[in-house]
Amino acid sequence: MINNINEPFITIIVAIADNGVIGNKGHLPWHLSEDLKRFKKLTLKNPVLMGRKTYDSIFQRLGSGLPERENLILTRKKNCKSIEQNIHFFNQIDEVFHWMQQKNYKNLFIAGGTSVYDKFLPIAKRIEVTHICKNFEGDTVFPDWNKKNWRATKGEIKIDLKSDLQYYFSTYNKI
């Protein structure tokens, strides 16, 4: 994949535990309503790309894709058909970029899982992170990334009153 002018502005969005865990058995290992509200606020009216397993977990929870967003699913499975108007399946990243260009979308949010994050880390311009200040058991982790290539803006540490979890939001912009 060559970085060119037709590529959208790519933002990775993720919640990461201290030990790098981002998921367990197809679900988030925590529930932070402020994280979910932030995710919605940042991604609303934008295309959100995810792998099939991430999409399946969202569909299980909501009974649909993410509302008021174009759900772009990157999958190795051929001939996946959408049952909803805002669900689109792709086998190649170039197909995603072509679709976005046709629809005149300029921003793309990447919502996981690990292999999808790994594919987009080299070309992402921004990473929006919810840092969860605790270790969690999990089977899905965020890929290793070199933070030296990123300039961070760190938010204040907050405490979720329901779960007593400490967390903070950070925005990383590629240098």
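Provided above is the structure to which this section pertains.
Owing to the predicted nature of the structure, the values given are computational and were not obtained by experimental measurement. In every chain, residue numbers begin from 1 and rise along the written sequence. Two thresholds apply to this predicted model, a pLDDT of at least 70 for residue-level local features and 80 or more for giving and counting side-chain atom pairs, whereas whole-chain, interface and lining totals are computed over all residues. Water and hydrogen atoms were dropped before computing side-chain values, which therefore reflect all heavy atoms in the structure.

In terms of nonpolar packing, the biggest core is built from 28 residues, with L108 and F120 touching the most fellow members. Put simply, DSSP marks the helices as runs of H or I at least four residues long and the strands as runs of E at least two long, and each gets a number from the N terminus on. Listing elements by their share of this core, those giving two or more residues are β1 (9-17), β4 (70-74), α3 (93-103), β6 (107-110), α4 (114-120) and β7 (126-132). At 5 residues, the largest contribution of residues to this core is made by α3. Setting aside chain neighbours within four positions, we find F120 in contact with I10, I12, L49, L74, I93, F97, L108 and I110. Put simply, buried Ala, Val, Leu, Ile, Met, Phe, Trp, Tyr and Cys residues joined by side-chain atoms within 4.5 Å make one nonpolar core. Three exposure classes are used, based on accessible area relative to the maximum for each residue type with a 1.4 Å probe and protein chains only: buried under 20%, partly exposed in between, and exposed over 50%. Contact criterion: two residues are considered in contact whenever any of their non-hydrogen atoms come within 4.5 Å of each other.

Our focus in this paragraph is the pairing of β4. The side chains of a regular strand alternate, first on one face of the sheet and then on the other. Within β4, 5 of the 5 residues are buried, which leaves it mostly tucked inside the rest of the structure. Both faces of β4 are covered, namely the face carrying E70, L72 and L74 and the face carrying N71 and I73. DSSP bridges decide pairing: two strands pair if at least two such bridges lie between them. Here strand β3 (residues 47-51) runs beside β4; their pairing, made up of 5 bridges, is parallel. Bridge pairing in β4 places V48 opposite N71. Note on handedness: a crossover is taken as right-handed if, strands pointing away from the viewer, the path from the first strand over the helix to the second is clockwise. Handedness of the crossover joining β3 and β4 through helix α2 (residues 52-62): right-handed.

A few words now on the pairing of β1. Most of β1 sits inside the fold, with 8 of its 9 residues counted as buried. Examined bridge by bridge, β1 and β6 share 4 bridges and lie parallel to one another. Among the inter-strand pairings, F9 is bridged to a residue of β6, identified as N107. Where β1 meets β7, 7 bridges bridge the pair, whose relative direction is parallel. Residue pairing for β7: I13 is matched across the bridge by E128.

The omega torsion across G112 and G113 is 0°, close enough to zero to call that bond cis. Looking at where G113 falls in the secondary structure, it is placed in the loop between β6 and α4. The phi angle at N104 is positive, at roughly 65°, despite the residue not being glycine. Within the secondary structure layout, N104 lies in the loop between α3 and β6. On the basis of relative accessibility, which here comes to 53%, the residue N104 falls in the exposed class.

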